[in-house]
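Reading the structure
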Amino acid sequence: MEIIKIIGTDDTPNVILDADNEIFEISGRSLPEDVAAFYEPILDWLDDYADEAKPKTVFDFKLVYFNTASSKLILDILLKLEEMYEAGKDVLVRWHFPDDDEDMEEAGEEYADIVEVPFEQVSYPLD
Amino acid sequence: MDDKKVDIKDLLAFAYSFYKTVKEFKICLVYEGEVTHQIIKAFTSLTETNMDIDEESTSTQKKVFHVMVESLQNISKHANYLPTENQRKEGKGVFMLSKNDEAYCITSGNIVNNAKVQEIKSLLIKINNLDKDGLKSLYKQQIREGRITLKGGAGLGFIDIAKKTGNKLNFNFLSINDKYSFFVLNSKISRNLNTN
């Protein structure tokens, strides 16, 4: 499968989707000028991946900021992972948040409430 | 505005009264015009630099950033133009950031069609009547049911501002004429006095 690798900027996140090396990660800041256009290739990639998913998929979100328009697209990603899980694949979502960021922790809890997929909250210290 | 000549003396006097008003309301940033993505990036980055210098807590910084982005995007995506104005791609409006010892205040203003006033007002009243848990459920409901509009909005901005600030939203609709009103929204972010 092709690899998606997007280097983050101050308004778009870092994205690595690499099935062979089993790296699935979105990190950084997300407030793209055109959210739908930014996330479209990512959602398409996940559709393709779902058909040939690895035995276990661990998807890491390590965002420091996202706007409300991005929050909807993040949910779309999680819903794709939920579909995979419901189809019998082994999926784990890891939601990383800085240990002093209650809002980001809460955002993870809210997503965990909405989607039916194994969900793990991971706090990390900010330097 | 018609093409009436502006008296230069009045203009200079205005510059001074503007300066005094800005000082009086402790305004750190004031803008009137089209709100593009570049403007949003410039304003948030400028404000982050200033908050760093003021050694504002990370939590306050993040909340101010959040509310600025959502308020500015509201203008950019939802502002209407008067028929006499030149339409631009992005909406235009007024944005102000002010600060006192207790809080940051974010105020935005833009033109809306009167037909939309009731809908916006009801949503804001609904939000202001909810407690933290109520806001969480409304957010979860809207993120599930809402769709990204052509303009790229998720219908979550006001809810998110209320959730992040923990304060009520102040708002007003001032009548321009029988078709349009000027919508003003103001939110307050308490300054977290913890050092970190």
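What counts and what doesn't
- Residues numbered from 1 in each chain as written.
- Chains lettered and ligands numbered in written order.
- Predicted model: local features only at pLDDT ≥ 70, side-chain atom pairs only at ≥ 80, totals over all residues.
- Heavy atoms only, no water.
- Disulfide = S-S within 2.5 Å.
- Pairing = 2+ DSSP bridges.
- Helix = DSSP H or I, 4+ residues; strand = E, 2+ residues; numbered from the N terminus.
- Axes fitted to C-alpha atoms, helices over the stretch in contact; angles between N-to-C directions.
- Contact = heavy atoms within 4.5 Å.
- Buried < 20%, exposed > 50% of the residue type's maximum accessible area, 1.4 Å probe, protein only.
- 1 Å grid on protein atoms, 1.4 Å probe; cavity = no way out; pocket = protein on both sides within 12 Å on 5 of 7 lines; lining within 4 Å.
- Points joined across faces, edges and corners; volume = space filled by probe spheres on them.
- Phe/Tyr/Trp six-rings, centres within 6.5 Å; stacked < 30°, edge-to-face > 60°.
- Salt bridge = Lys/Arg side-chain N within 4 Å of Asp/Glu carboxyl O.
- Right-handed = clockwise from strand over helix to strand, strands pointing away.
- Core = buried A, V, L, I, M, F, W, Y, C linked by side-chain atoms within 4.5 Å.

Taken as a whole and judged by the stated rule, the model has zero disulfides over all chains. Distance from the sulfur of C28 of chain B, which forms no disulfide, to the nearest cysteine sulfur (C105 of chain B) is 10.0 Å.

Residue and element names in this part refer to chain B. Across the sheet, five strands lie side by side as 1-2-3-5-4; this open sheet has antiparallel pairing. Here the strands that pair on one side only, and so sit at the sheet edges, are strand 1 (27-34) and strand 4 (170-175). When the angles between neighbouring strand axes are averaged without regard to direction, this sheet yields 15 degrees. Note that strand 2 (residues 92-99) and strand 3 (residues 103-113) share seven bridges and pair antiparallel. The residue of strand 3 that forms the bridge with V94 is G109. Sitting on the sheet, helix 2 (residues 37-53) touches strand 1, strand 2 and strand 3, and the angle it makes with strand 1 is about 175 degrees.

Here the focus is unusual backbone geometry. Residues and elements named next belong to chain B. In this structure, K26 is a non-glycine residue whose phi angle is positive, near 50 degrees. Relative to the helices and strands, K26 resides in the loop between helix 1 (8-24) and strand 1. K26 gets classed as partly exposed once you look at its relative accessible area, which sits at 48%. The phi dihedral of E55 falls on the positive side, at around 50 degrees, and the residue is not glycine. Looking at where E55 falls in the secondary structure, it is placed in the loop between helix 2 and helix 3 (58-78). Judged by relative accessible area, E55 falls into the exposed class, the value being 71%.

Attention shifts here to the layout of surface pockets. Empty space among the atoms becomes apparent when a probe as large as a water molecule is rolled across them. Of the pockets and cavities examined, the largest pocket occupies roughly 870 Å³. Taken together, 43 residues line the largest pocket, and the ones lying closest to its centre are D101 and D103 of chain A together with K63, H66 and K164 of chain B. The biggest single contributor to the lining of the largest pocket is helix 3 (residues 102-114) of chain A, with eight residues.

So, about the packing of aromatic side chains. A full pass over the atoms with the stated rule returns 19 aromatic pairs over all chains. For the pair F158 of chain B and F183 of chain B, a centre-to-centre distance of 6.2 Å together with 85 degrees between the ring planes defines the contact as edge-to-face. One end of the pair, F158 of chain B, is in helix 6 (residues 157-165); the other, F183 of chain B, is in strand 5 (residues 180-190), and 25 residues separate them in sequence. Assessed through its relative accessible area of 13%, F158 of chain B is described here as buried. Classification of F183 of chain B by relative accessible area gives buried; the value is 6%. Three or more aromatic residues joined by ring pairs make a cluster, and in this case those are F24, W45, Y49, F59, F61, F66, W95, Y111 and F119 of chain A.

The next thing to look at is the environment of I189 of chain B. Residues and elements named next belong to chain B. Looking at the secondary structure, you find I189 in strand 5. When the C-alpha positions of I189 and T21 are compared, they lie 22 Å apart, and in sequence the two are 168 residues distant. In this view, I189 contacts T60, K63, V64, V67, E102, A103, Y104, I106, T165 and N167; residues no more than four positions away in its chain are not counted.

Attention now goes to the pattern of salt bridges. Enumeration according to the criterion identifies 16 salt bridges over all chains in this entry. For the salt bridge of K132 of chain B with E106 of chain A, the shortest nitrogen-to-oxygen distance reads 2.8 Å. Linking K132 of chain B in helix 5 (residues 132-145) with E106 of chain A in helix 3, this pair reaches from one chain into another. You can call K132 of chain B exposed: its relative accessible area is 52%.

Turning to the pairing of strand 6 (residues 119-124) of chain A, a few remarks are in order. Residue and element names in this part refer to chain A. Taken together, the six bridges between strand 5 (residues 90-98) and strand 6 define a ladder with parallel strand orientation. Note that in strand 6 the partner of W95 across the bridge is Q121. Note that the unit made of strand 5, helix 3 and strand 6 has a crossover that is right-handed.

A word on the nonpolar core. Core analysis: the biggest nonpolar cluster contains 78 residues, and F61, I77 and W95 of chain A have the highest contact counts within it. Not counting the four nearest positions on each side in its chain, W95 of chain A is found in contact with F61, F66, I74, M104, A107, G108, Y111, F119, E120, Q121 and V122 of chain A.

Residues and elements named next belong to chain A. Spatially, six strands are ordered 1-2-3-4-5-6 in an open sheet, and the strand pairing comes out mixed. Edge strands, defined here as strands with exactly one partner in the open sheet, are strand 1 (4-6) and strand 6. Put simply, the sheet's adjacent strands are angled 15 degrees from each other on average, direction ignored. Its contacts with the sheet put helix 2 (residues 68-86) on strand 3 (23-30), strand 4 (56-66), strand 5 and strand 6, and the angle it makes with strand 4 is roughly 170 degrees. Running at roughly 160 degrees to strand 5, helix 3 makes contact with strand 4, strand 5 and strand 6 of the sheet.

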